[in-house]
Amino acid sequence: MRGAVMIMDEETGEILVVRNESHACIEVHIRGTRPDEYRLVRLARHEARRLAALVLYQAEKLGDLRLVPAAESREDDLKSA
């Protein structure tokens, strides 16, 4: 599969990301530990780009030590009011 990206995950199996044969969408194949856990998600171009942006955004937040969980942040705002 030309242009395919495969990520191995020891817990859930494999994740394979490819363009479908007609190049109409992106297919995300997720293999679970059992055959009945297999999933296929088809994304249009804009959906795939949005998902990629969300993943990158959340990954960037992982490295930001200044962030606090939303519940704690709201509590601090209420105390200062």
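Thresholds, definitions, all that
- Residues numbered from 1 in each chain as written.
- Predicted model: local features only at pLDDT ≥ 70, side-chain atom pairs only at ≥ 80, totals over all residues.
- Heavy atoms only, no water.
- Helix = DSSP H or I, 4+ residues; strand = E, 2+ residues; numbered from the N terminus.
- Contact = heavy atoms within 4.5 Å.
- Polar contact = N/O pair within 3.5 Å; in protein donor to acceptor, adjacent residues only side chain to side chain.
- Salt bridge = Lys/Arg side-chain N within 4 Å of Asp/Glu carboxyl O.
- pLDDT = per-residue confidence, 0-100.

### So, the overall build of the protein chain
For step 1, the next point in the chain: Looking only at helices and strands, the protein chain has two helices and four strands in total.
For step 2, the next point in the chain: Sequence-ordered secondary structure for the protein chain, helices as α and strands as β, is β-β-β-β-α-α.
For step 3, the next point in the chain: Here the contacts in the protein chain between residues at least 6 apart in sequence split such that 0% fall between residues at least 24 apart.

### Thoughts on the environment of Glu-27
For step 1, the next point in the chain: Relative to the elements of secondary structure, Glu-27 occurs in strand E3 (residues 26-30).
For step 2, the next point in the chain: Expressed as a C-alpha distance, the spacing of Glu-27 and Ala-44, which sit 17 residues apart in the sequence, is 9.0 Å.
For step 3, the next point in the chain: Setting aside anything within four residues of it in sequence, one finds Glu-27 in contact with Leu-16, Val-17, Val-18, Asn-20, Leu-40, Val-41 and Arg-42.
For step 4, the next point in the chain: Polar contacts involving the side chain of Glu-27 include one to the side chain of His-29, which spans 3.1 Å.
For step 5, the next point in the chain: Polar contacts involving the side chain of Glu-27 include one to the side chain of Arg-42, which spans 3.2 Å.

### Details of the pattern of salt bridges
For step 1, the next point in the chain: If you walk through the whole model with that rule in mind, you get three salt bridges.
For step 2, the next point in the chain: Close ionic contact of Asp-36 with Arg-34 constitutes a salt bridge, the shortest N to O distance being 3.2 Å.
For step 3, the next point in the chain: Overlapping salt bridges bring together Arg-34, Asp-36 and Glu-37 as one network.

### Focus: the confidence of the model for the protein chain
For step 1, the next point in the chain: Residues of the protein chain with pLDDT of at least 70 account for 62%, and the chain-wide mean is 77.
For step 2, the next point in the chain: Looking at the elements of the protein chain, mean pLDDT is at its lowest for helix H2 (residues 70-80), recorded as 59, and at its highest for strand E4 (residues 39-43), recorded as 93.

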